[in-house]
Structures are given as C-alpha cells and as structure tokens.
Amino acid sequence: LNPNDAESWQNYAFVLRNFDGRFDEAVTAIKRAATLDPLSVSINTDVGVILTNAGRYDEAIEKFKKTLETDPQFFDAYWNLGLAFECKGMTAEAARAFIESERLKGVKEERLAAFRTAFEQGGLPEFWQKWLDFLLEDAKSKNPPAYVIAEFYARTGEREKTFEWLEKSYAGHEPYLINLKIETAFKFLRSDQRFTDLLRRVKLDK
C-alpha cells in the first residue's frame, strides 16, 4: 500500500531477523528504511543492530559511531555499540560503551564507578555480575521483566538461573521472547534441550 513507509521497512527487518533468520534480507530492509528516513536516529541505530545480528560487526560499529555523531545523547546507540564490541572481543571498548549508555540514562556516578571497578578487577564476567547484582537489588522495589533478569543471568554463565527466569518470562507471556533466537547472551544455551523446547513453545523452532 505504501512502499515508501520507512517504519514498515524497519519493522519488516526485525520480522525477517526474529522469525526467519533471513539476515541478509533483514539488512536490505533496514537499509531501505534508512534511505527513506535518513535523519531517524532510531532507524540508523537499528541498521547497526541488524548488521550486528548478521555478524557484520565492523560495519555495525561504524554505523553506530556515525549515528552518535548525529545524536551523541542517544543512549540506545551506545548500548548496541557495546554489544557489537563485545561480539568482536573488544571488551574494554564494550564496557565503556555500556557505561556511557547508563550515564546518558541518568544513572548515578556511584553505580557507574562500581561498573568500572568490576571491569578492572575481572573483565566482562565481573562487570556483568555487578550489573546483575544491581538488577536484583532494583527488582525488590521495581518489576523488571523476567526476560531481562534471565538475560543477565546468562551473561554471568548461570545456566539454571537463566532457565528459571526464562520460564517465568514464558509463563508471563512476555513479548521479549521473540528475541530468543538472536540474543547473543543465550548462545551457550542453544545445545541444551530445554532451550530447544522453549523455542518450540514460542513457535521459533523453524
């Protein structure tokens, strides 16, 4: 009906990624969205996201950096830049990008300093453990999605806790589960039959 609707191309890219694993086509779709709306910081960030999912990390990093030149305050671009750095094994750059994302969200310096110290003491494993500690502390007064807690347990390598919280996410019908197949934190679970079963129940086993 409207082939020039940028948002439709943006959403289509994620459908291709999440449900079909058609990463090359997803890249084409999200780049089409960016062509139609070149000033959209959100769409340009998503170009980097899809490139990261496609394993094209250098292109993704370059795209995030260009997006941040346009809007240096866009914390989502910093977060996803961190993920691309992490996928490349550039852990120091990843930690700095994640922390900058939190700073732009308004997180207090005391917590940011704790993240820095954790990384200095034990690299990303200790960094993610500290993040999980804060997340669980916040959960006492807030109500973060179970999927997010599962994701951070996965980043610390705690398999059983990850599955416990993924099951809570499933029981709560959380929409975040559509990202199961592409979430890098869950890579180490993919050979586990419980993960295969969860994909089947969420209808992502194709």
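In this text the structure is predicted, and so the values were computed from the model without any measurement.

### Re the overall build of the chain
Regarding its fold elements, the chain presents 10 helices and 0 strands. Counting helices and strands in the order they occur from the N terminus, the chain gives α-α-α-α-α-α-α-α-α-α. For a compact globule of 206 residues, the expected C-alpha radius of gyration is about 17 Å, and the chain comes in at 17 Å, within 12% of that figure. Each principal axis of the C-alpha atoms in the chain carries an extent, and together these give about 50 × 40 × 30 Å. Relative to its 206 residues, the chain shows a buried fraction of 43%. Expressed as a percentage of contacts within the chain between residues at least 6 apart in sequence, the contacts between residues at least 24 apart total 51%. With the model as given, the accessible surface of the chain reaches about 10,900 Å², and the carbon-plus-sulfur share is 51%.

### So, the packing of helix α4 (residues 57–70) against helix α5 (residues 75–87)
Across the interface, α4 lies against α5 with an axial gap of 9 Å and an inter-helix angle of 155 degrees. The angle between α4 and α5 places the two elements in the roughly antiparallel class. For α4 against α5, the interelement crossing comes out left-handed. Here α4 contributes Tyr 57, Ala 60, Ile 61, Phe 64, Lys 65 and Leu 68 to the contact with α5, which in turn contributes Ala 77, Tyr 78, Asn 80, Leu 81, Ala 84, Phe 85 and Cys 87. Here the contact of α4 with α5 is built from residues that sort into 11 nonpolar, 1 polar and 1 charged.

### Let's talk about the packing of aromatic side chains
Per the stated rule, a full pass over the model turns up 17 aromatic pairs. Ring plane angle 50 degrees and centroid distance 5.6 Å describe the contact between Phe 115 and Phe 127, whose orientation is recorded as tilted. Both residues of the pair, Phe 115 and Phe 127, belong to the buried class. Pairwise contacts between aromatic rings join Trp 79, Phe 98, Phe 115, Phe 127, Trp 128, Trp 131, Phe 134 and Phe 152 into one cluster. Its end group placed over the ring of Tyr 170, Arg 201 keeps NZ or CZ at 4.6 Å from the ring centre.

### Some words on the nonpolar core
Soluble globular proteins: nonpolar side chains tend toward being buried together. With 62 residues, the main nonpolar core has Phe 127, Leu 166, Leu 180 and Phe 186 as its most contacted residues. Per-element accounting of this core gives the leading share, 11 residues, to helix α7 (residues 109–138). If we ignore the near neighbours within four places in the chain, the residues touching Phe 186 are Tyr 147, Ala 150, Glu 151, Ala 154, Thr 162, Leu 166, Leu 180 and Phe 195.

### Notes on helix α1 (residues 6–20)
Given a rise of 1.5 Å per residue, 15 residues ought to cover 21 Å, and the 21 Å separating the end C-alpha atoms of α1 matches this to within 8%. Of all the residues in α1, the buried ones are Ala 6, Gln 10, Ala 13, Phe 14, Leu 16, Arg 17 and Asn 18. Residues of α1 that are buried sit in contact with α2 (23–36) and α3 (41–53). Gly 21 sits one or two residues past α1 and shows a positive phi near 65 degrees.

### Observations concerning the environment of Val 107
The residue Val 107 is located in the loop between α6 (91–105) and α7 in this model. Here Val 107 falls in the partly exposed class, since its relative accessible area comes to 23%. Setting aside residues no more than four positions away along its own chain, Val 107 makes contact with Glu 102 and Leu 112.

Reading the values: the criteria
- Residues numbered from 1 in each chain as written.
- Predicted model: local features only at pLDDT ≥ 70, side-chain atom pairs only at ≥ 80, totals over all residues.
- Heavy atoms only, no water.
- Helix = DSSP H or I, 4+ residues; strand = E, 2+ residues; numbered from the N terminus.
- Rg over C-alpha atoms; globule rule 2.2 N^0.38 Å.
- Buried < 20%, exposed > 50% of the residue type's maximum accessible area, 1.4 Å probe, protein only.
- Contact = heavy atoms within 4.5 Å.
- Areas by Shrake-Rupley, 256 points an atom, 1.4 Å probe, with all protein chains shown as cover.
- Axes fitted to C-alpha atoms, helices over the stretch in contact; angles between N-to-C directions.
- Parallel < 35°, antiparallel > 145°, perpendicular 65-115°, else oblique.
- Left-handed = near helix turned anticlockwise from the far one by under 90°.
- Nonpolar A, V, L, I, M, F, W, Y, C, P; charged D, E, K, R; others polar.
- Phe/Tyr/Trp six-rings, centres within 6.5 Å; stacked < 30°, edge-to-face > 60°.
- Lys NZ or Arg CZ within 6 Å of the ring centre and 35° of its normal.
- Core = buried A, V, L, I, M, F, W, Y, C linked by side-chain atoms within 4.5 Å.
- Expected span 1.5 Å × (residues − 1).

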